[in-house]
Amino acid sequence: MKTIAAGVWPTMITPYNTDGSIDYETLEKLIEWYIARGVTGLFAVCQSSEMFFLSLKERLALASACVKLSRGRVGVIASGHVADDPADQVEEAKMMAATGVDAVVLLTNRFARHNEGDDVFRKNLDRFLKAMPEDVLHGFYECPAPYKRVLSPAMMKHGVESGRFGFLKDTSCRMGDIAAKLDIAKGSNFKLFNANAATLLASLQAGAAGYSGIMTNFHADLYAWLCSNWSKDTVRARELQDFICLASVIEYQLYPVNAMYALQLEGLPFKLVSRRADPAMFTESMRLEVEQMMNLSRVFSAKYGKVS
């Protein structure tokens, strides 16, 4: 079974044409931009990709395109796990696996409602895994929508012991939760990737495998440097951690439109077209905040250089 390499896995955003269709030419340029900045792999068809607003056909086409355009230079994992019906979940996951991705990532909130416990979660997960081919590697994603379900220690242990999981995108934003999960996963191939900038350095020190989050769409290279060098250059790692934590407050702006604008500033031909956020709400002040954050980001990129 495949394994997931440590490092940075961007949560990819979807570029669109002015008519709202997926812009595959810009997608190719985006993938090249990520790779040039030292990422390990690509997390396609996730919430950043607006997966809840894509049809099944579009989700599968997007994943297939990412596999094809990456040309084996980096890994590709994908989610698109949005169905409610258990049978639909299995069918869609099988189709996603057939695109050639390295892992099919499952949303933790799809196996139980917000008011249901781990007993329901475990029952539905086990039914799903039984219906899936055993050679398909899976991941977990603590997706905030439609509600956030953070893996409990018991369910983390169940996932590790199943041997079917190799990836966790952790969105708990709490070092206590992260440390507990890392302790459970110790010695296994189940790797934790932190989505939270504020706790990133501490999580790497505790054994996290890397970063998978929104801010890769602004300065993926800085995350790649930190994930590669945090133990070799502790003073500069601390300085960079302070910057990426402060910069990450841009997440609370109009995402993903603000990330599309940031990528325009990076020279990519993104159009400010989104299915989940209204670009008309992207104010002049927001634009200036993105511009000035990106200016400072480039100062750090020049100072830290390529991943070593």
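In this text the structure is predicted, and so the values were computed from the model without any measurement.

**Q** So, the overall build of the protein chain: which residues are in play, and what are the values?
**A** When its secondary structure is counted, the protein chain shows 11 helices and eight strands. For 308 residues, the compact-globule estimate of 2.2 N^0.38 gives 19 Å, and the protein chain sits close to it at 18 Å. Structurally, the protein chain occupies a C-alpha span of about 50 × 50 × 40 Å along its principal axes. For the protein chain, with 308 residues in total, the buried portion stands at 55%. As presented, the protein chain carries roughly 12700 Å² of accessible surface, and 53% of it is formed by carbon and sulfur atoms. Across the protein chain, the 34 positively charged side chains and the 34 negatively charged ones have centroids separated by 4 Å.

**Q** Can you explain the pattern of salt bridges? Please cite residues and give values.
**A** Applying the stated criterion across every chain yields a total of 20 salt bridges. For Asp102, the salt bridge is made with Lys2, and the minimal N-O distance between the two is 3.3 Å. In this pair, Asp102 sits in the loop between helix H3 (86-97) and strand S4 (103-107) while Lys2 sits in the segment before strand S1 (7-8), placing the two residues 100 residues apart along the sequence. On the basis of relative accessible area, Asp102 is assigned to the partly exposed category, the value being 22%. Judged by its relative accessible area of 43%, Lys2 is partly exposed. The shortest N-O distance in the salt bridge between Arg275 and Glu58 comes to 2.8 Å. Here Glu58 lies in helix H2 (residues 56-70) and Arg275 lies in the loop between helix H10 (257-265) and helix H11 (284-304), a separation of 217 residues in the sequence.

**Q** Would you mind going over the packing of aromatic side chains in detail, with residue names and values included?
**A** Here the structure, examined in full by the defined rule, presents 16 aromatic pairs. Ring geometry for Phe140 and Phe190: centres 6.5 Å apart, planes at 35°, overall tilted. Of this pair, Phe140 sits in strand S5 (residues 138-141) while Phe190 sits in the loop between helix H6 (175-185) and strand S7 (191-194), and the two are 50 residues apart along the sequence. Classification of Phe140 by relative accessible area gives buried; the value is 0%.

**Q** Kindly report on empty space enclosed by the protein, identifying the contributing residues and their values.
**A** Under the criterion given, the structure shown has one cavity of 30 Å³ or more. Lining the largest cavity we find 13 residues, and of these Ser79, Gly80, His81, Glu92 and Ala93 sit closest to its centre. Of all the secondary structure elements, the ones that give two or more residues to the lining of the largest cavity are H2, H3 and S4. Considering every element that reaches the lining of the largest cavity, the biggest residue donor is H3, with four residues. Of the residues in the lining of the largest cavity, the class split is seven nonpolar, four polar and two charged.

**Q** Give a description of the packing of helix H8 (residues 216-229) against helix H9 (residues 234-247) that names residues and reports values.
**A** The N-to-C vectors of H8 and H9 enclose an angle of 145°; their axes lie 10 Å apart at closest approach. In this structure, H8 meets H9 at a crossing whose hand is left-handed. Of the residues in H9, those touching H8 at His219, Leu222, Tyr223, Trp225 and Leu226 are Arg236, Ala237, Leu240, Gln241, Phe243, Ile244 and Ala247. Grouping the amino acids of the contact of H8 with H9 by side-chain chemistry returns nine nonpolar, two polar and one charged.

**Q** Tell me what's going on with the packing of H9 against H11, and back it up with residues and numbers.
**A** Running from N to C, H9 and H11 cross one another at 165°; their axes reach a closest spacing of 11 Å. Considering the angle they form, H9 stands roughly antiparallel to H11. Considering only the axes of H9 and H11, their crossing is left-handed. For the pair H9 and H11, the contacting residues are Arg236, Glu239, Leu240, Phe243 and Ala247 in the first and Met293, Leu296, Ser297, Phe300, Lys303 and Tyr304 in the second. Of the residues contributing to the contact of H9 with H11, the split by class is seven nonpolar, one polar and three charged.

What counts and how
Numbering of residues starts from 1 in every chain and runs along the sequence as written. Side-chain atom pairs in this predicted model are given and counted only at pLDDT of 80 or more, local residue features only at pLDDT of at least 70, and totals for whole chains, interfaces and linings cover all residues. Calculation of side-chain values draws on the structure's entire complement of heavy atoms; hydrogens and water are dropped beforehand. Under the scheme used here, helices are H or I runs from DSSP no shorter than 4 residues and strands are E runs no shorter than 2 residues, and both carry numbers assigned from the N terminus. Atoms counted for the radius of gyration: C-alpha only. Globule rule: 2.2 Å times residue count to the power 0.38. Using a 1.4 Å probe on the protein chains alone, a residue whose accessible area is under 20% of its type maximum counts as buried, one over 50% counts as exposed, and one in between counts as partly exposed. Here the accessible surface of atoms and residues is derived via Shrake-Rupley with a 1.4 Å probe, and residues count as covered only by protein chains that are part of the display. In this tally, Lys and Arg are treated as positive and Asp and Glu as negative; His is ignored, and so are the chain termini. Working definition for charges: the position is that of NZ of Lys, CZ of Arg, CG of Asp or CD of Glu. A pair is scored as a salt bridge if a Lys or Arg side-chain nitrogen falls within 4 Å of a carboxyl oxygen belonging to Asp or Glu. Note on ring pairs: Phe, Tyr and Trp rings are taken, using the six-membered ring of Trp, and paired if centres are within 6.5 Å. Classes follow the plane angle, with under 30 degrees stacked, over 60 edge-to-face and the rest tilted. We place a 1 Å grid over just the protein atoms. Points where a 1.4 Å probe fits but has no way out form a cavity, open points with protein on both sides within 12 Å along at least 5 of 7 lines form a pocket, and any residue with an atom within 4 Å of a point lines it. Grid points are joined across faces, edges and corners, and a volume is the space filled by probe spheres set on the points. In this classification, Asp, Glu, Lys and Arg are treated as charged, Ala, Val, Leu, Ile, Met, Phe, Trp, Tyr, Cys and Pro as nonpolar, and every other residue, Gly included, as polar. A fitted line through C-alpha atoms represents every axis, and for helices the fit uses only the stretch in contact; the resulting angles, taken between N-to-C directions, go from 0 to 180 degrees. Rotating anticlockwise by less than a right angle from the far helix to the near helix defines a left-handed crossing, while the corresponding clockwise rotation defines a right-handed one. Any two residues whose heavy atoms approach within 4.5 Å at even a single point are treated as in contact. Should an angle fall under 35 degrees it is called roughly parallel, over 145 degrees roughly antiparallel, and 65 to 115 degrees roughly perpendicular, with every other angle called oblique.

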